[in-house]
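# Coordinate inspection notes
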Amino acid sequence: MRRIAALVLTACLAAGVLVVDDPRAPAQEPPYGPPPGAAIDPGVTVSAALPPPVAPPIPAPAAAAAPRPGAIAAPAPRRLTPRAPSRAVGRPWRGRLVNGVELPAVGPDHVTWDPNLKRVPNRAGRRWGTAKLIATIDRVLAAYHVDHPEAPQVLVGDLSRPHGGVFDERFGGLGHASHQNGVDVDVYYPRADGAVRAAWRPDQIDRALAQALVDGFVRAGAQFVFVGTRTGLRGPRKVVEVIAHHNDHLHVRIRPPRTASR
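Description of the structure in this document. (Residues numbered from 1 in each chain as written. Predicted model: local features only at pLDDT ≥ 70, side-chain atom pairs only at ≥ 80, totals over all residues. Heavy atoms only, no water.)

### Brief notes about the overall build of the chain
Filter applied, for reference: Numbering of helices and strands runs from the N terminus; a helix is a DSSP stretch of H or I covering at least four residues, while a strand is a stretch of E covering at least two. Think of it in three bands: residues with accessible area under 20% of the maximum for their type are buried, residues over 50% are exposed, and the middle band is partly exposed, with areas taken using a 1.4 Å probe on protein chains only. Each accessible area value is a Shrake-Rupley result obtained with a 1.4 Å probe; residue values ignore everything except the protein chains displayed when judging cover.
Broken down by element type, the chain carries three helices and 12 strands. The proportion of buried residues among the 262 residues of the chain is 51%. Split by element, the accessible area of the chain, about 12000 Å² in all, is 58% carbon and sulfur.

### Structural notes on helix H2 (residues 131-147)
Filter applied, for reference: Expected helix span is computed as 1.5 Å times (number of residues minus one). In this description, the arc belongs to the directions extending from the helix axis to the C-beta atoms.
Between the first and last C-alpha of H2 there are 25 Å, a value that for 17 residues agrees with the 24 Å anticipated at 1.5 Å per step. For H2, the complete set of buried residues consists of Leu133, Ile134, Thr136, Ile137, Val140, Leu141, Tyr144 and His145. Projected down its long axis, H2 shows its buried positions confined to an angular sector of 160°, all on one face.

### Observations regarding the packing of aromatic side chains
Put simply, the rule is: For Phe, Tyr and Trp, where Trp contributes only its six-membered ring, two rings pair if their centres lie within 6.5 Å, and the inter-plane angle classes them as stacked under 30 degrees, edge-to-face over 60, or tilted in between.
Inspection of the entire model under this criterion finds three aromatic pairs. With centroids separated by 5.7 Å and ring planes inclined at 15°, the aromatic side chains of Phe224 and Phe226 adopt a geometry described as stacked. A residue is classified by how much of its surface remains accessible, and Phe224, at 22% relative accessible area, is partly exposed. On the basis of relative accessible area, Phe226 is assigned to the buried category, the value being 6%.

### Points about the pattern of salt bridges
Spelled out, the test is: A side-chain nitrogen of Lys or Arg and a carboxyl oxygen of Asp or Glu constitute a salt bridge if their distance falls within 4 Å.
This model, assessed by the stated rule, comprises seven salt bridges. For Glu102, the salt bridge is made with Arg127, and the minimal N-O distance between the two is 3.1 Å. Residue Glu102 is found in strand E4 (residues 101-102), and its partner Arg127 is found in the loop between strand E6 (119-120) and strand E7 (128-129); the two are separated by 25 residues along the sequence. Like Arg127, Glu102 is buried.

### Quick word on unusual backbone geometry
Backbone geometry follows two general trends: most residues other than glycine have a negative phi, and most peptide bonds adopt the trans configuration. A cis amide bond, omega -5°, links Val120 with the succeeding residue Pro121. Mapping Pro121 onto the fold places it in the loop between E6 and E7. Positive phi outside glycine occurs at His179, with the angle close to 60°. Mapping His179 onto the fold places it in the loop between strand E8 (154-156) and strand E9 (184-188). On the basis of relative accessibility, which here comes to 0%, the residue His179 falls in the buried class. The backbone of His245 sits at a positive phi, close to 70°, despite the residue not being glycine.

### Concerning helix H3 (residues 207-219)
In an α-helix, one turn spans 3.6 residues, which is why side chains three or four residues apart end up on the same side. In plain terms, the rule: We call two residues in contact when some of their heavy atoms are within 4.5 Å. Here a polar contact means two N or O atoms within 3.5 Å. Within protein one must be a hydrogen donor candidate and the other an acceptor candidate, and residues neighboring in sequence count only if both atoms are side-chain atoms.
Its 13 residues give H3 an end-to-end C-alpha distance of 18 Å, which sits within 8% of 18 Å, the value for a rise of 1.5 Å per residue. Burial in H3 covers these residues: Leu209, Ala210, Gln211, Leu213, Val214, Gly216 and Phe217. Where H3 is buried, its residues contact H2, E8, E9, strand E10 (224-228), strand E11 (240-243) and strand E12 (249-253). The backbone nitrogen of Ala208 lies 3.2 Å from a side-chain oxygen of the residue at the head of H3, namely Asp206. Following H3 by one or two positions, Gly221 has its phi on the positive side, about 90°.

Encoded structure:
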């Protein structure tokens, strides 16, 4: 049934219908990220503070009736394949992306989320990464759903711009200090209620599923996985780092492809 939900969502997107987050979220909830004007350390990603959304949420997909392997309910989304190897040039906080690949707006294992507009899908200009990053996301989320076939699609937020480069407040909200060369991706924690939308507070997180995502990216060879201070998520000390402003999402950074220019 999760695949059927993906079909319905894909059809809505094709018709130009955008579904935004829960209008019932209390307005007094603290905004994500530091206050305006606060210093942002390199490598730290923050989400924008916005007023409560104004339209109904995406319904949570029903529990899967059978394990995910072998079940194909929708055609594979179109993906742009680079004519030459992807290159992550420079640093995540000062770089650019060459021959990037666009992550589809919706896939069997994920739905993209716009952290500034609080809606799905994320805008096309915010969903680009190296071919290695896109492959890593696909592999980790596919394995996650093999182990947890009843889990809904995972929300994937910002990657990089089509050619990388600065991704600061000029592109909405407080912007990103990193996400500049196609090796970073924000992945939102699964909710305990199974809804396909971002968790407003740490107590809404399904910590077992969130930990499974962290573990999956660690096994996939992530260079860093940044998690929030109130999430209770853990991992190898040299890879999983607990930092501020990540209580709604984890931030994965992969090692640059071997063809990367430093």
